[in-house]
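Report on the structure
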Amino acid sequence: MLQNVQDVWLPARFAGRALRLLWGKNKPVTITVVVVVGVMKIRSYMKKQERRSVSRRRRWNNAGKDVVVLHIPPRGFFCPSLSPFVVKLETYVRMAEIPHVIDHEEPLGPKGKTPWITLNGEDVGDSQMIIEKLAAKFGKEFDAHLSQEEKAVAHSLRIMVDEYFVWCLGVYRYGQEQGRHFLLNASIPWFYRPILPMYFKRYVEAAKTQGIGRHSYRDVEEMGRKSLQSLSAWLGEKPFMMGANPTELDCTVFGMLAFDVFCPPLSPFKRMLEKDYRNLHAYCHRMKEKFWPDWDKCLDPNRR
Ligand SMILES: N[C@@H](CCC(=O)N[C@@H](CS)C(=O)NCC(=O)O)C(=O)O
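Residues numbered from 1 in each chain as written. Predicted model: local features only at pLDDT ≥ 70, side-chain atom pairs only at ≥ 80, totals over all residues. Heavy atoms only, no water.

**Description of the side chain of Ser 127**
Residue placement: Ser 127 occurs in helix α4 (residues 127–138). With relative accessibility at 5%, the residue Ser 127 sits in the buried group. Engagement of the side chain of Ser 127 in a polar contact is seen with the side chain of Lys 88, the distance being 3.1 Å. Once residues lying within four places of it in the same chain are set aside, the contact partners of Ser 127 are Phe 85, Lys 88, Leu 89 and Pro 115. (Helix = DSSP H or I, 4+ residues; strand = E, 2+ residues; numbered from the N terminus. Buried < 20%, exposed > 50% of the residue type's maximum accessible area, 1.4 Å probe, protein only. Polar contact = N/O pair within 3.5 Å; in protein donor to acceptor, adjacent residues only side chain to side chain. Contact = heavy atoms within 4.5 Å.)

Below is the structure:
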C-alpha cells in the first residue's frame, strides 16, 4: 500500500514542479503539454476499458453450453442481494437447479437494470422475462400443474408484489429513510457515496410519476400493509404460495420480503411481518432453508 502511494505521489510531485517551472517560462506551451498529456491519458484509459470489456464478454460467452451467467451487484452483509429482483431470480435458478455462474463486474444489463443474464452468448434482461425463458428452455415450469384459475391468482399476486408493493417499499426506503438501509447493508465504494443521493432522488421522482410517490408516507405504509395482508391471507397454513410445492410465485414473494425479514434496520414492514403476518415471516425462513442452505456463505463478510 505504502509502495503504491509512493509510486503515484512522487511522479505527481515531480510533474507538478515541472509544470510550475514551465508555466513561469511559457504559458501556451504549458497549456499544450497539459492538453496533449490529458488526451493521451484519457485515450489509454478508454482503450484499457475496451480491452477489459472484450475479455469480459469473451468470458461470459464461453461460460459453457447452457450455463447461465447471472449478472448481479456485489453481495450484501445480511442478504445475498439488496435487490428483490436479484433474490427472486437467483432463487428460481436454484429451485430449477440450472447450472449458473455469478458475475459481479457488470450488474446493469441491456435494459439498464439488474439482474440480467447471458446464456449461450445471448443477453436477456428483466427477472420475469428471464425466468419465463429459462423455464421454457430447461423444462422447469413449476406452475404447469396449476389450473387456469390458480394461474390467474398467481399472476395477479406476482404483479401486486413486483409492480405495486415494490413501490411502497421504495418510497419508504429511498424517500422517507433516504437510503439509510443501503449504507447499513452493503459496502458502498467511497466514490459511489456522493452519487447515491442523486439515485435516491431519481427514484423519488419516478415514484411521483408512477403516482404512489404523491401520497403521504402514512398512506403508502397502509397501502403496503394491504399487500402483506393479502399475501398472508392467501398463504394461510400452506407451506408455499400455491400449495404443497414451490412455484415461480414463491421466488417473487421471497425475493421481495427477504430484505425486511433478514436485514436491518427495523422498518414498518419488518414490524408488520414480525407481529401481524407471522405466517409470511415463517414462510421466508422456510424458503431460505430450502433454497439457500449456503445463505451465510453468500454474504459479504466485510461487515463493519
Ligand atoms: N422489472 C425488472 C426490475 C429490475 C429493477 O428495477 N432493478 C433495480 C434494482 S432493485 C435496478 O436495476 N435499478 C437501477 C436503476 O433503475 O438504475 C426486473 O424484474 O428485473
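Past the structure itself, the notes keep going.
**Some details on the nonpolar core**
With 72 residues, the main nonpolar core has Tyr 92, Ile 117, Leu 134, Leu 228, Phe 254 and Leu 280 as its most contacted residues. Of the residues forming this core, the biggest block, 12 residues, is contributed by helix α5 (residues 148–176). Once you skip the residues sitting within four places of it in the chain, Ile 117 turns out to touch Val 68, Val 69, Leu 70, His 71, Leu 89, Glu 122, Asp 123, Val 124, Ile 130 and Leu 134. (Core = buried A, V, L, I, M, F, W, Y, C linked by side-chain atoms within 4.5 Å.)

**Some remarks on a nonpolar patch on the surface**
Together, Leu 19, Val 29, Val 33, Val 34 and Val 37 line one region of the surface with nonpolar side chains, adding up to about 330 Å² of accessible area. The element best represented in the nonpolar patch is helix α2 (residues 27–61), accounting for 4 residues. Among the secondary structure elements, Val 37 is positioned in helix α2. (Patch = residues over 30% accessible without salt bridge, like charges linked within 9 Å, V, L, I, M, F, W, Y side chains within 5 Å. Areas by Shrake-Rupley, 256 points an atom, 1.4 Å probe, with all protein chains shown as cover. Salt bridge = Lys/Arg side-chain N within 4 Å of Asp/Glu carboxyl O.)

**Quick notes on the side chain of Asp 300**
Structurally, Asp 300 can be placed in the segment after α11 (278–291). There is a polar contact of 2.8 Å between the side chain of Asp 300 and the backbone nitrogen of Asn 302. Asp 300 has contacts with Arg 75, Gly 76, Phe 77 and Ser 187, leaving out every residue within four places of it along the chain.

**Overview of the pattern of salt bridges**
With the rule as written, the count across this model stands at 19 salt bridges. Between Asp 123 and Arg 57 there is a salt bridge, and its shortest N-O distance comes to 2.7 Å. With Asp 123 in strand β4 (residues 122–125) and Arg 57 in helix α2, the pair connects residues that are 66 residues apart, well separated along the chain. For Arg 57, a relative accessible area of 27% corresponds to the partly exposed category. Across the pair Lys 88 and Asp 162 runs a salt bridge, and its minimum N-O distance is 2.7 Å. Residue Lys 88 is found in helix α3 (residues 84–95), and its partner Asp 162 is found in helix α5; the two are separated by 74 residues along the sequence. Via salt bridges that share partners, Arg 52, Arg 56, Arg 59, Glu 105 and Glu 106 belong to a single interconnected network.

**Focus on the site of the ligand**
Near the ligand, the surroundings consist of Ser 83, Pro 84, Phe 85, Gly 112, Lys 113, Thr 114, Pro 115, Asp 126, Ser 127, Tyr 199 and Arg 202. Measuring from an oxygen atom of the ligand, one finds a side-chain N or O atom of Lys 113 at 3.1 Å. Within the contact set of the ligand, an oxygen atom lies 2.6 Å away from a side-chain nitrogen or oxygen of Ser 127. Compared with its free state, where it exposes 510 Å², the ligand has 77% of that area covered by protein. Of all the secondary-structure elements, those providing two or more residues to the shell around the ligand are α3 and α7 (196–210). Of the residues that constitute the shell around the ligand, the class distribution is 4 nonpolar, 4 polar and 3 charged. (Near = heavy atom within 4 Å. Nonpolar A, V, L, I, M, F, W, Y, C, P; charged D, E, K, R; others polar.)

**A few points about the pairing of strand β1 (residues 68–71)**
Burial of the side chains of β1 extends over both faces: Val 68 and Leu 70 are buried on one face and Val 69 and His 71 on the other. As paired strands, β1 and strand β2 (residues 100–103) are joined by 4 bridges and run parallel to one another. Looking at β2, one finds that Leu 70 is bridged to Ile 102. Handedness of the β-α-β unit built from β1, α3 and β2 comes out right-handed. Note that β1 and strand β3 (residues 116–119) share 4 bridges and pair antiparallel. For Val 69, the partnering residue across the bridge sits in β3 and is Thr 118. (Pairing = 2+ DSSP bridges. Right-handed = clockwise from strand over helix to strand, strands pointing away.)

**Let's talk about the packing of aromatic side chains**
Counted under the stated rule, the structure contains 17 aromatic pairs. A centroid spacing of 5.8 Å and a plane angle of 55 degrees characterise the contact between Phe 182 and Phe 200, whose relative ring orientation is tilted. With Phe 182 in helix α6 (residues 180–185) and Phe 200 in helix α7, this residue pair connects regions lying 18 residues apart in the sequence. Both residues of the pair, Phe 182 and Phe 200, belong to the buried class. Among the aromatic residues, those joined into a ring-pair cluster are Trp 167, Tyr 174, Phe 182, Tyr 199, Phe 200 and Tyr 203. Cation over ring: Arg 94 sits above Trp 292, and NZ or CZ is 3.8 Å from the ring centre. Sitting above the plane of the Trp 234 ring, Lys 238 keeps its charged end 4.5 Å from the centroid. (Phe/Tyr/Trp six-rings, centres within 6.5 Å; stacked < 30°, edge-to-face > 60°. Lys NZ or Arg CZ within 6 Å of the ring centre and 35° of its normal.)

Purely geometric numbers; function is a separate question.
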